[in-house]
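Residues per chain, in single letters:
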Amino acid sequence: MINTRLGGSGPPVLLLHGYPQTHVEWHKLAPRLAERFTVVMTDLRGYGDSSKPPDGENHANYSKRAMALDQVEVMRALGFDRFSVVGQERGGRVAWRLAVEHPEAIAKAVVLDIVPLPYSMVTREFATQYFHWFFLIQPAPFPETLIGNNAEFYLRSRFLRPTGGTGAITREAFDEYLRCFNDPATIHATCEDYRAGAAIDLDHAREDGGRQVMCPLLALWGERGSVGRLYDVMKIWREHAPKVTGQALPAGHFLPEEVPDETLKALLSFL
């Protein structure tokens with residue numbers, strides 16, 4: 001069961017959120033996008049009000065391949081065999097899988113504040129900025145127990161540093177994220193997402209061989225965020241997508257909530 005919201009009219013655009021959020025991440029953008037597009041927003045499996053399936057062997061049920069197939073099936077159920085996709089962070093990784101494994105379904109793709117294969121470059125600064133990547137992949141129930149001990153404190157810590165404490169995450173949105181994280185099943189499922197990212201997702205990426213993102217791709221990232229500081233973003237994406245364009249935006253990590261106007265402008269120009 002994939003929790004889905006639908007609105008607007010025009011060409012279909014699927015919006016995929018990141019961690020530790022839900023489809024509510026798009027609340028500053030969706031109404032304006034819906035003036036020109038049919039906007040579909042989902043909660044990724046394991047997140048929000050979507051199902052939390054069993055882990056599967058090697059965390060397969062939380063692989064980005066499985067999550068991508070969810071989204072194809074949702075869009076087909078709504079009558080859309082071909083659509084554009086916009087994904088932030090974890091949703092961006094699902095968008096990448098969609099574009100590589102379901103090229104017939106994806107007209108255009110947008111990835112927000114990610115690069116492919118991030119584990120390929122691990123430095124002290126990377127480990128400091130992305131410590132949660134190594135924390136969340138520890139065997140259950142270690143991270144689940146610590147997060148569940150004070151989910152509100154944990155969530156506030158995830159939002160504070162990447163946004164620079166700017167208050168970009170509204171109280172209403174935070175309350176919705178917290179509602180979902182007060183469910184132990186959500187905490188476990190989102191840890192499984194990261195465990196898959198350090199395991200089976202890497203296997204699937206290696207299986208790509210020479211397959212690339214062949215549709216037009218837009219990469220956006222925050223100029224104050226870790227992605228912009230640690231990587232030559234465009235150089236990396238050009239190795240995976242021959243039709244990529246991109247730019248930095250004046251933000252940290254959570255672009256749709258920190259700089260919705262700038263993000264919207266870039267999306268409208270590209271889509």
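Data block above holds the structure.
Now for a look at the structure at hand.

## A few points about the packing of aromatic side chains
Consideration 1: For the coordinates displayed, the defined rule picks out 15 aromatic pairs.
Consideration 2: When the centroid spacing of 5.7 Å and the interplanar angle of 90° are considered together, the rings of Phe126 and Trp133 count as edge-to-face.
Consideration 3: Considering the side-chain rings of Phe159 and Tyr177, the 5.6 Å spacing of their centres and the 35° angle between planes classify their relative orientation as tilted. Linking Phe159 in helix 7 (residues 151-163) with Tyr177 in helix 8 (residues 171-181), this pair joins segments that are 18 residues apart in sequence. The burial state of Phe159 is the same as that of Tyr177; both residues are buried.
Consideration 4: Taken together, the aromatic side chains of Tyr19, Tyr47, Tyr119, Phe126, Tyr130, Trp133, Phe134, Phe181 and Tyr194 make up a single cluster linked through ring pairs.

## Considerations on the pattern of salt bridges
Consideration 1: Counting across every chain of the model gives 19 salt bridges.
Consideration 2: Ionic pairing is found between Asp201 and Lys64, a salt bridge with its closest N-O pair at 2.5 Å. Taken as a pair, Asp201 in helix 10 (residues 200-207) and Lys64 in helix 2 (residues 64-77) lie far apart in primary sequence, 137 residues in all.
Consideration 3: The network of salt bridges with common partners includes Arg65, Arg97, Glu101, Glu207, Asp208 and Arg211.

What counts, and where the lines are drawn
Residues numbered from 1 in each chain as written. Predicted model: local features only at pLDDT ≥ 70, side-chain atom pairs only at ≥ 80, totals over all residues. Heavy atoms only, no water. Phe/Tyr/Trp six-rings, centres within 6.5 Å; stacked < 30°, edge-to-face > 60°. Helix = DSSP H or I, 4+ residues; strand = E, 2+ residues; numbered from the N terminus. Buried < 20%, exposed > 50% of the residue type's maximum accessible area, 1.4 Å probe, protein only. Salt bridge = Lys/Arg side-chain N within 4 Å of Asp/Glu carboxyl O.

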